[in-house]
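Residue strings, one per chain:
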Amino acid sequence: MSSGPRPPTGIRWTPRAWLLLGAGTVLLLVAIALRDPVAAFVGLPLLIAPIAVAMTGPPPPFRADVAWSADGAETEVRVSGRIRTAAASRGSELRLLVHRPGELLGPDTPEYAPAPDGTDFTFRWTSPWPTVSVVPAPTVVWQDPLGLAQRPSAGDRESLVVERSPPDAMRLGTVRLERTLPLPGETRSHRIGPSGEFFGIRDAQPTDPPRRINWLASARAGRPLANEYELDRTGDVVLLLDTRPTRLGAIVDERLLGVSRAALLGVAEAFLRAKDRVGFAAFDEFLHAVPLAGGRHQRIRIQQAVLATRRATLPGPSERCAVSLGRYFPPGITVLLVSSLADESTAEVVPHLTRRGYPVVVLSPSPLGVESALIPLDPEDDRLAARIDRIDRRSSIAKTWMYAPVVDWDDFWTLAGLVRFLQQPRRRRVA
Amino acid sequence: MNVPAPLRGAPLGAVLGAALALLALGTAFPWYIGLALALGSVAVATWIRAQFTDGRRELGVVLVLAALVVLASRAAATAGPILLGGIASLAFLLWLADDPHEVPGGVRRAAPSVLVAAFVVGVGWASALLLPSRNAVVGIAAGLFVFAIVVLAVFFGRPDLLDRSRPETPKAERG
């Protein structure tokens, strides 16, 4: 919640202050060397100014709280908030020091605007790809108007999670998942009860509340009748993220992992909103799982687990993933595996899962676009490399298709391919 | 009225340019070289400061400081250039305070600091040129002596500025 260790409260000189002190010293030396008082009089204010501004600063320790949030659409990320301080007159002299995550592009310094009890600030960043990034808790410092001295402040600050998922992930909520428990095989499950959509009419019981009595039907039939409602029971889905290192290298792996995390959070939110039960598992050397559940708390659990995922340093064997998954999730649950399928070892996990009775759908973020953006080539070489890469990718996807359907995800800002695929339940089934 | 950020630093840029130009006219440089040096450095520095928001903007500060050092080292040691040198240096501080990327009103907020520097320069100049000895060294010494007294007075008035110990109670910390 708060920023953790107490920050140092002493005065900190900025590089500009050292520039002024350096220039003042040079001018004094010039004055001595040339026996010229002009240089001394020019240098005097430069030497005095840093000490003078330190005297006008707020007394230590002073407190400044930060409340901030992120919004914006598509690639635009607008982080705005307010720095609040008890000394309102100091509000416009407070500065925010933020460590911007590498996935977000833009200036490190915000735009400031005066506010009644502090200062408003706005960062305008962009996110070229879908991302889930954590902006660490910021530091607030008082900075003098000349930009020569700073003094850190204490106060409550929280880190900020910036999420940019493909917007059409929400359409996944319309996908009707099939519940596999407790009966073997896939069965559409529903429940007749007091809520949901209208199902039928039955004889009223003494325990039925008046609102469930169908008064018109009762009048026509001459006996008390009550409404029955049908509620679809939730479906289940497990989101499995393969974080093992591949031959693509750390940079491409990290970028694909960032995109995959954003997509998974969007998918999880869509299913949770549709009252489905969602589980999450990340596989590096071992499996780390969040068991099936629904509701808002589950979203937070999954978000924390997703944010904790990092590219693994040691890859675990594929079979271990399937075996470990069985400890948390019973066979038969639909598994949405997110994997680049760049290596045979990463593709191997699919047959292991299907053999253990998990219907698998693979969402495979394509590394082709990321690689070409990172390694600029001549147009001619670029075309040739792209052709070879496409052939290689088609081959790896085709091999995996023998065991499970694969959605080749190349445009990271849309999950239309996955939505279209999941909306056709017959195609989802795996023999 | 909202002034566009690049234009916000311009008025005090003009003041700084004028102060440097007047100082340049009292140097051993030919007038056109002195003016070019003074006005060119300020114009480029103001543009750099308006253009960049990262560490590159300090290049503008370096440029003006370099112009100040060069002009001051070639200035004649008479009453006029001495006063103009001090004024140019103070104008530079005001120009620093009028940053287009910061919250407006920087000059007003920086006034106490700049006034302290102006007071010291004023006392120094007056001591150097108005006392019977008419010695610049005496003036500088007088300026520094006055500044030391001001610093002591401020620290006696606000001992909390020097206090680095942890507060005894959370309430004190909230201050």
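Treat the numbers as computed from the prediction; the structure is a model and nothing was measured.

Chemist: Which residues make up the nonpolar core, and what are the values?
Modeler: Judged by nonpolar contacts, the single largest core of 61 residues is most densely connected at A:Leu20, A:Leu146, B:Leu20, B:Phe92 and B:Leu93. Elements with a minimum of two residues in this core: α1 (15-34) and α2 (37-55) of chain A together with α2 (10-25), α3 (31-51), α4 (58-73), α5 (79-97), α6 (106-130) and α7 (136-157) of chain B. With twelve residues, α2(A) is the largest single contributor of residues to this core. Two domains each donate at least three residues to this core, and these are domain 1 (12-55) and domain 2 (64-163) of chain A. Once residues lying within four places of it in the same chain are set aside, the contact partners of A:Leu20 are A:Leu46, A:Ala49, A:Leu148, B:Val61, B:Leu65, B:Phe92, B:Leu93 and B:Leu96. Counting residues in each nonpolar core, the second largest holds 41 residues, with A:Val259, A:Ala262, A:Val267 and A:Ala270 among its members.

Chemist: Tell me about the pairing of strand β18 (residues 360-365) of chain A, residues and numbers included.
Modeler: All names here are of chain A. Burial runs high along β18: six of the six residues are buried. In β18, alternate side chains face the same way, and those of Val 360, Val 362 and Ser 364 on one face and Val 361, Leu 363 and Pro 365 on the other are all buried. Across four bridges, the pairing between strand β17 (residues 334-338) and β18 is parallel. Each residue of the ladder has a partner; that of Val 338, found in β18, is Leu 363. In the classification by handedness, the crossover that spans β17, the intervening helix α7 (residues 344-355) and the parallel β18 is right-handed. Note that β18 and strand β19 (residues 406-409) share four bridges and pair parallel. Each bridged residue has a counterpart across the sheet, and for Ser 364 the counterpart in β19 is Asp 408.

Chemist: Break down the confidence of the model for chain A for me, citing the residues and quoting the values.
Modeler: When pLDDT is averaged along chain A, the result is 83; 88% of the residues meet or exceed 70. Note on residues 182-187 of chain A: pLDDT under 50 across the span, and nine contacts to partners over four residues away in sequence or across chains.

Chemist: Describe the interface of chain A and chain B, with residues and values.
Modeler: Between chain A and chain B, the contact holds 48 residues from the first and 55 residues from the second. In total, about 4400 Å² of surface goes out of reach between chain A and chain B, with carbon and sulfur atoms giving 71% of it. At the junction of chain A with chain B, the criterion picks out three salt bridges. Linking chain A to chain B there are three residue pairs in polar contact (both at pLDDT 80 or more). Mapped by element, the contributors of at least two residues to the side of chain A that touches chain B are α1, α2 and β5 (111-115) of chain A. Take the side of chain A that touches chain B: its biggest share by element is 16 residues, from α2(A).

Chemist: Describe the pattern of salt bridges, naming the residues involved and giving the relevant values.
Modeler: Under the counting rule described, the total for this entry stands at 24 salt bridges over all chains. For A:Arg95, the salt bridge is made with B:Glu102, and the minimal N-O distance between the two is 2.4 Å. Highlighted residues: A:Arg95 in strand β4 (residues 94-97) and B:Glu102 in the loop between α5 and α6, drawn from two different chains. Two residues, A:Arg356 and A:Glu319, come together in a salt bridge whose shortest N-O distance is 3.1 Å. Taken together, the positions of A:Arg356 in the loop between α7 and β18 and A:Glu319 in helix α6 (residues 318-328) put the pair 37 residues apart, joining distant regions of the chain. A relative accessible area of 40% means that A:Glu319 is categorised as partly exposed. Salt bridges linked by common partners bring A:Glu163, A:Glu269, A:Arg273 and A:Arg299 together as one network.

Chemist: Kindly report on the environment of B:Phe92, identifying the contributing residues and their values.
Modeler: Relative to the assigned elements, B:Phe92 resides in helix α5. For B:Phe92, a relative accessible area of 0% corresponds to the buried category. A C-alpha to C-alpha distance of 6.0 Å links B:Phe92 and B:Leu16, two positions 76 residues apart in sequence. Non-local contacts of B:Phe92, meaning those with residues more than four positions away in its chain, are made with A:Leu20, A:Leu46, B:Leu16, B:Val61, B:Val64, B:Leu65 and B:Leu68.

Chemist: Pulling in residues and values, what's your account of the sheet that holds strand β1 (residues 12-13) of chain A?
Modeler: Taken in spatial order, the four strands make up an open sheet running β1-β9-β8-β4 (chain A), and their pairing is antiparallel. Sheet topology places β1 and β4 of chain A at the edges, where each strand pairs with a single neighbour.

Chemist: Tell me about the packing of α1(A) against α4(B), and please be specific about residues and values.
Modeler: Between α1(A) and α4(B), whose axes approach to 10 Å, the crossing angle comes to 10 degrees. The angle between α1(A) and α4(B) places the two elements in the roughly parallel class. Residues A:Arg16, A:Leu19, A:Leu20, A:Ala23, A:Val26, A:Leu27, A:Val30 and A:Leu34 of α1(A) pack against B:Glu58, B:Val61, B:Val62, B:Leu65, B:Leu68, B:Val69, B:Ala72 and B:Ser73 of α4(B). Of the residues that constitute the contact of α1(A) with α4(B), the class distribution is 13 nonpolar, one polar and two charged.

What counts as what
Residues numbered from 1 in each chain as written. Chains lettered and ligands numbered in written order. Predicted model: local features only at pLDDT ≥ 70, side-chain atom pairs only at ≥ 80, totals over all residues. Heavy atoms only, no water. Core = buried A, V, L, I, M, F, W, Y, C linked by side-chain atoms within 4.5 Å. Buried < 20%, exposed > 50% of the residue type's maximum accessible area, 1.4 Å probe, protein only. Helix = DSSP H or I, 4+ residues; strand = E, 2+ residues; numbered from the N terminus. Domains from an automatic or database assignment. Contact = heavy atoms within 4.5 Å. Pairing = 2+ DSSP bridges. Right-handed = clockwise from strand over helix to strand, strands pointing away. pLDDT = per-residue confidence, 0-100. Buried area = accessible area lost by both parts, 1.4 Å probe. Salt bridge = Lys/Arg side-chain N within 4 Å of Asp/Glu carboxyl O. Polar contact = N/O pair within 3.5 Å; in protein donor to acceptor, adjacent residues only side chain to side chain. Axes fitted to C-alpha atoms, helices over the stretch in contact; angles between N-to-C directions. Parallel < 35°, antiparallel > 145°, perpendicular 65-115°, else oblique. Nonpolar A, V, L, I, M, F, W, Y, C, P; charged D, E, K, R; others polar.

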